[in-house]
Amino acid sequence: MGPESEATTRSADEDHQSSDREILDALDPAVSEWWVDRFGNPEQDGGCLTPPQREAIPLIHASENALVAAPTGSGKTLASFTAILNELFEREQAEGLDNAVHCLYVSPLKSLANDIERNLAEPLDGISERLAERGVETDVRQAIRHGDTSDYERQQMLEETPHILNTTPETLAILLNSPKFREKLRSVEYVVVDEIHSLADSKRGTHLSVSLERLQRLAGDFTRIGCSATVEPLADIARYLVGFEREEPRLADEPSGHRPRGNGGEARDCEIVDARFARDYDLQLSCPTPDLVNASKGAINDAFYAELGDLIEANDSTLVFTNTRSGAERVLENLRERGVVSEDESACHHGSLSKDRRTEVEQQLKEGSLSVTTTSTSLELGIDMPHIDLVVQVGSPKSVASLLQRVGRAGHRPGRTVTGRVIALDRDELVECAVMLRQAERGFVDRVHIPERAHDVAAQHVYGMAIEGPLPEAEVRATLRSAYPYREYSDDDFEHLFRYLTADYDGLEDRNVYAKIWRDENDPPGGDDGDPDDPTSGTHHYPDFDIGERLIGKRGRLARPILLQNLGTIPDSFTVNVYVRGDDEWVGQLDESYLDTLEAGDVFVLGGDRFAHRYRRGSKVYVDRTSERATVPSWFSERLPLSYDLGREIARFQADLLDEYEDGGAAAVRRWLREFPVDANAVRALARMYDDQIQYAGTESVSTTERIAIEEVKDRDEYRRRYHVRTPYGRRFNDGLSRLLAYRCANEANANVAVSVADNGFTLAMPLNRKVDVAELLRQTDPDEARETLRAALDGTDLLQRYFRIDATRALLVLKRYKGREKSASKQQVASEMLLGFAEDLENFAVLDETYRELIEDKLDLAGVREVLSALQSGDVEVTETTLKSPSPLSFGLATLSASDVVLADDEDAVLRAFHERVREQVDD
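Counting starts from 1 at the beginning of each chain's written sequence and moves along it residue by residue. Selection of residues for local features in this predicted model requires a pLDDT of at least 70, selection of side-chain atom pairs for listing and counting requires 80 or more, and totals for whole chains, interfaces and linings are taken over all residues. Side-chain metrics rest on all non-hydrogen atoms present in the structure, leaving aside hydrogens and water.

Colleague: Mind laying out the packing of helix α25 (residues 786-794) against helix α29 (residues 862-874), listing which residues take part and the relevant values?
Modeller: A fitted line through C-alpha atoms serves as each axis, taken over the contacting stretch for helices, and the angle formed by two N-to-C directions is quoted from 0 to 180°. Starting at the N terminus, helices and strands are each numbered in turn, a helix being any DSSP run of H or I of at least four residues and a strand any DSSP run of E of at least two. With their axes 10 Å apart at the nearest point, α25 and α29 run at an angle of 125° to one another. On the basis of the axis angle, α25 is oblique to α29. At the point where α25 passes α29, the crossing takes the right-handed sense. Packed against α25, whose contacting residues are A786, R787 and L790, the element α29 presents L862, R866 and L869 at the interface. For this classification, Asp, Glu, Lys and Arg are treated as charged, while Ala, Val, Leu, Ile, Met, Phe, Trp, Tyr, Cys and Pro are nonpolar and the rest, including Gly, are polar. Partitioned by chemical class, the residues of the contact of α25 with α29 number 4 nonpolar, no polar and 2 charged. Geometric relationships in this document are graded by angle, where less than 35 degrees denotes roughly parallel, more than 145 denotes roughly antiparallel, 65 to 115 denotes roughly perpendicular, and other angles denote oblique. Throughout, a crossing is termed right-handed when the near helix is turned clockwise from the far one, and left-handed when it is turned anticlockwise from it by less than a right angle. Residues are treated as being in contact if the distance between any of their heavy atoms lies within 4.5 Å.

Colleague: So what about the packing of helix α10 (residues 203-219) against helix α11 (residues 234-242)? Which residues, and what values?
Modeller: For any two helices packed against each other, the geometry comes down to the angle between their axes and how far apart the axes lie. The interhelical angle for the contact between α10 and α11, taken along N-to-C directions, is 50°, at an axis separation of 8 Å. Here α10 is positioned oblique relative to α11, judged by the angle of their axes. Residues G205, T206, L208, S209, L212 and E213 of α10 form the contact with α11, whose participating residues are Y240, L241 and V242.

Colleague: So what's going on with the sheet that holds strand β27 (residues 761-767)? Residues and values would help.
Modeller: Here the rule is simple: two strands pair whenever DSSP picks up at least two bridges between them. Read from one edge to the other, the open sheet built from 5 strands follows the order β26-β27-β25-β24-β30, with strand pairing classed as mixed. A single partner strand is all that each edge strand has here, and the edge strands are β26 (754-758) and β30 (878-884). Ignoring which end each strand starts from, the neighbouring axes of this sheet average 20° apart. Docked against the sheet, helix α23 (residues 731-749) engages β26 and β27, running at close to 20° with respect to β27.

Colleague: Tell me what's going on with a negative patch on the surface, and back it up with residues and numbers.
Modeller: Residues form patches when they are more than 30% accessible in relative terms and have no salt bridge. Like charges link within 9 Å. Nonpolar side chains (Val, Leu, Ile, Met, Phe, Trp, Tyr) link within 5 Å. All accessible areas in this document rest on Shrake-Rupley with a 1.4 Å probe, and a residue is counted as covered only by the protein chains that are shown. When a carboxyl oxygen of Asp or Glu lies within 4 Å of a side-chain nitrogen of Lys or Arg, that pair is called a salt bridge. Positive charges come from Lys and Arg alone, negative charges from Asp and Glu alone, with His and the N- and C-terminal ends not counted. Charge positions are represented by NZ for Lys, CZ for Arg, CG for Asp and CD for Glu. Residues E117, E122, D125, E129 and E133 make up a contiguous surface patch of negative charge. With respect to the element layout, E117 can be found in helix α5 (residues 112-133). Per-residue accessibility, obtained with a 1.4 Å probe over protein chains only, is compared with the maximum for each type, and a residue is labelled buried under 20%, exposed over 50%, and partly exposed between these values. For E117, a relative accessible area of 42% translates into the label partly exposed.

Colleague: How would you explain the environment of R791 if you had to name every residue and give the values?
Modeller: Positionally, R791 belongs in helix α25. Through-space distance from the C-alpha of R791 to that of R739 is 9.9 Å; in sequence the pair is 52 residues apart. With sequence-adjacent residues up to four places away left out, R791 is seen in contact with D849, Y852 and I856.

Colleague: Tell me about the packing of aromatic side chains, and please be specific about residues and values.
Modeller: By convention, a stacked pair of Phe, Tyr or Trp rings (six-membered ring in the case of Trp) has centres within 6.5 Å and planes under 30 degrees apart, an edge-to-face pair has planes over 60 apart, and any other such pair is tilted. One pass over the full model with this rule turns up 21 aromatic pairs. When the ring of F81 is compared with that of Y105, the centres are 4.8 Å apart and the planes differ by 45°; the resulting orientation is tilted. Of this pair, F81 sits in helix α4 (residues 76-95) while Y105 sits in strand β2 (residues 103-106), placing them 24 residues apart in sequence. Judged on exposure class, the residue F81 and its partner Y105 are both buried. Relative to F845, the ring of Y505 has its centre 5.3 Å away and its plane inclined at 75°; by these criteria the two rings are edge-to-face.

Colleague: Help me get a handle on a positive patch on the surface, residues and values and all.
Modeller: Taken together, the side chains of R670, R671, R674 and R684 make up a positively charged region of the molecular surface. Along the polypeptide, R670 turns up in helix α21 (residues 644-673). Residue R670 is classed as partly exposed on the basis of its relative accessible area, which comes to 31%.

Colleague: Give a detailed account of the nonpolar core, specifying residues and quantitative values.
Modeller: Nonpolar cores were defined as sets of buried Ala, Val, Leu, Ile, Met, Phe, Trp, Tyr and Cys residues, with membership established by side-chain atoms within 4.5 Å. Grouped together as the largest cluster of nonpolar side chains are 94 residues, with contacts concentrated most on L764 and F845. Sort the elements by how many residues they give to this core and helix α17 (residues 455-467) lands first, with 8 residues. Setting aside anything within four residues of it in sequence, one finds F845 in contact with Y500, Y505, L508, L813 and A839.

Colleague: Before we move on, could you go through the sheet that holds strand β22 (residues 609-617) and cite the residues and values that matter?
Modeller: Taken in spatial order, the 5 strands line up as β20-β19-β23-β22-β21 in an open sheet, and their pairing is mixed. Unpaired on one side and paired on the other, β20 (585-591) and β21 (603-606) mark the two borders of the sheet. On average, each strand axis in the sheet is tilted by 45° relative to the strand beside it, whichever way the strands run.

Colleague: Before we move on, could you go through the pairing of strand β11 (residues 318-321) and cite the residues and values that matter?
Modeller: Neither face of β11 is exposed, since T318 and V320 on one face and L319 and F321 on the opposite face are all buried. Sheet analysis places β11 next to strand β14 (residues 390-394), joined by 4 bridges and oriented parallel. Residue pairing for β14: F321 is matched across the bridge by Q393.

Colleague: Break down empty space enclosed by the protein for me, citing the residues and quoting the values.
Modeller: Computed over the protein atoms alone on a 1 Å grid, cavities are sets of points where a 1.4 Å probe fits but cannot get out and pockets are open sets with protein on both sides within 12 Å along at least five of seven lines; a residue lines them when it has an atom within 4 Å of a point. Grid points are joined across faces, edges and corners, and a volume is the space filled by probe spheres set on the points. As enumerated under the stated definition, the model contains 5 cavities of 30 Å³ or more in all. Here the largest cavity is characterised by a volume of approximately 170 Å³. Contributing to the lining of the largest cavity are 13 residues, with V431, I650, Q654, P728 and N760 lying nearest its centre. Elements with a contribution of two residues or more to the lining of the largest cavity: α16 (427-441) and α21. Among the elements that line the lining of the largest cavity, the one with the most residues is α16, at 3 residues. The computed volume of the second largest cavity comes to approximately 80 Å³. As for the second largest cavity, its lining consists of P290, D291, L292, V293, N294, R427, A685, R688, M689 and H916. In terms of residue count, helix α22 (residues 680-697) provides more of the lining of the second largest cavity than any other element does, 3 residues in total. For the lining of the second largest cavity, the class distribution of residues is 5 nonpolar, 2 polar and 3 charged.

Colleague: Help me get a handle on the environment of A863, residues and values and all.
Modeller: Of note, A863 is situated in helix α29. Residue classification places A863 among the exposed positions, given a relative accessible area of 60%. Taking the C-alpha atoms as reference, A863 lies 9.6 Å from P783; in sequence the two are 80 residues apart.

Colleague: Which residues make up the pattern of salt bridges, and what values go with them?
Modeller: Two side chains carrying opposite charge are able to pair once their charged atoms lie near each other. Applying the stated criterion across every chain yields a total of 60 salt bridges. Note that R130 is salt-bridged to D37, the shortest N-O span being 2.8 Å. With R130 in helix α5 and D37 in helix α2 (residues 29-39), the pair connects residues that are 93 residues apart, well separated along the chain. Between E473 and R477 there is a salt bridge, with its nearest N and O atoms 3.0 Å apart. Here E473 pairs with R477, and both are found in helix α18 (residues 473-482), just 4 residues apart, close to one helical turn. In terms of burial, E473 and R477 fall into one category: buried. Ionic contacts of the salt-bridge type, sharing partners, join the residues K203, R453, D456, R787, D807, R810, E850, R853, E854, E857 and D858 into one network.

Colleague: Go over the pairing of β26 with me, naming the residues and quoting the values.
Modeller: Most of β26 sits inside the fold, with 4 of its 5 residues counted as buried. Pairing of β26 with β27, which is carried by 5 bridges, proceeds in the antiparallel orientation. Across the sheet, V755 pairs through a bridge with L764, a residue of β27. Hairpin geometry of β26 and β27 is characterised by an intervening segment of 2 residues between the two adjacent antiparallel strands.

Colleague: Hey, could you go over the confidence of the model for the protein for me, with residue numbers and the actual values?
Modeller: Taken as a whole, the protein shows an average pLDDT of 87; of its residues, 90% reach a score of 70 or greater. Note: pLDDT gives the predictor's confidence per residue, expressed from 0 to 100. Averaged pLDDT values over the elements of the protein bottom out at 63 in helix α1 (residues 3-25) and peak at 98 in α17. Segment residues 251-263: pLDDT under 50, and 34 contacts once partners within four positions in sequence are set aside and those in other chains are kept. Every residue in residues 898-905 is under pLDDT 50, and counting partners more than four places away or in other chains gives 17 contacts.

Take a look at the structure:
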């Protein structure tokens, strides 16, 4: 470091010291003293606040809405609580605190108590001690409330209410519909939404966004603070956090007390603290061997465990992430068997373990007594891990955001460098990871997809508002549209939703589905000559509202218990029994989520045998025995999909690589790859793969941002014609485009088309005596027709049946719990399938429309599919087709997807080597 850089560092340190002193001086002395005792003096090098803390604390002190985006371990949640505690302590000393909730902390984590202990209980106790030393008594209280909180504890919270209530999105929704505790929320001044990045992209987050708007109507304006790991786009996440001011037109003039706040749909103000890259990262990709084809699985495994053992040996505490729970168990078992670690200094942590076991592992991580811990998820590890030196990611985490969230567990203290190593075990993941680490270095982050206009979540909240009613319909509309996911919820959307909730369909009540709300104009004062439980049947006047104003209210005396017992968005799941058709032989069970990936004719492995899926009836799946190779591996449903944004970067990487190759061949590619954060083995393996590809099939066989490469291969042994479509845009995109294209191919060829989907493309297979111009079909596919074509392709599928059940239970069409009885997920499936046939004949039935919307937009990436199809139509992207005798190297993964099951690992080795030998023979010729 030269004199100039030393001077720059000193200047930055001095700025931080001055800023930190100014921030601490603005806090109550007891608060600032606790902070200094815990984190050091502002005058120390670098100050005593992290970058997100330096910006967030003054914003919260000024009651500004703020989204704080910063890496794991940067202290953003602690900053939020410390600033809020400061305000509550000062308020208590000045005027006292009501026996009510002043701050809500909402977290999706199962390990809620761990976060609270570190970020709230410790500062609360520490500051209270310092106040006591001054002779100042304090009674600022905090408590946790979630689904496991006992009835006694809930009653105690009513009598002595916590000023800071820590809860989950589901419990907040319940509290908003609980008459007694609802009143305790009128005093809320602060809401902290933690891990907001993991909520925004799910219906759980959609539900929370509307709950916050209902809270706003109840409590008035409050300060919203969102804590997020690395995520993009920040502007959308900020608007998701704070929502919109919204005012709906009225049917009649009304008293001002009933007008919703708002000015017509402006997004509320929100300050964004962007400290996502405030920590230093040391990231590198490694490959166990330079040859991932000819090396046997055993040799690759040996090299992998040798490298992992060296990394563990070089560090005091290592956290190893895998992409599946079974993988986490398997890695730990191998490390122990190979003598790398002993049982007492190693552990596994994931959601399938018992709560007691997870708690035990978490305590060991806190203490630093484990030299290695394997896990399959980062979300459940909401605990302080100051002793983790290194994070190892086995395989691709599928997005830059996931990578940074996972490696962020290392160096979990301010000022420490984040050290992460990624080990790729197959060639497709090697490409993904090389691009991912390069983009992480450049500050790239994948975008989050936020579900929009979900009818099922809207149904729960409208029902909840009706239960608290009657209230003006305009207020219901305004509340829902104030939430970011519903900002574009149209009048037609509302009409379809209201028609469902009022059961305005002939035959619905015959199937035990009854109206949940009534909707009517406020009548003039007068006699009541109608059904007292049906305001639409006679004269009903509500003096709080103007005559003629349209109102909404609940139907039925059991409305509140029905809602409270069925509220939430997390679906139940179950295992399905598998039977062989004809003799009804039971052959085993499959996890229900695995069925999402299966279509009629798909082949899978169960108990070492191969079966072709035929159809499903409720909780039973019927199959035929077969000798064909599997088309959907058993791990398929457990892995995260590659992000669409990262897929585009992979396409750009391949375009750049081709430029290097054209300039100087394989040697130029190797030189270029050495600029990436990858080891020598990875450089050699990548360069060799692309060199083989280009020599075998030409440069036009490589997909780029301006080209989609398709290759046709005739498999005469199995009498199949296969089209490998290499679109590197992730499994969600490929699932959508493949279904769309397969539907069109099946109609064109008048034959069944089997589909295999991966992150780097998909394969369409049909009988050898059928031929379709897949490239031309792709060119001619109209993006404006994509939605309707996908809807047609989904009709009658197991996927549609499953998601109709999930959305039917969310929308309260099928009740999971009723009058103390619980309906299992398998019985929910049977009930929903009986309703599905009826719903398909109804016009604009909200629950079925939502099922198609969720599948097409959220699961099959309609937006990405349309974007690529539009580029094809405009000529910005071309389609090239190559006919080959054997799959090209870039298609090996797609071609061997059928052999990727662990049961067929030896087969996969043999198939890969056979493919490679054919490629080398042709190249050599």
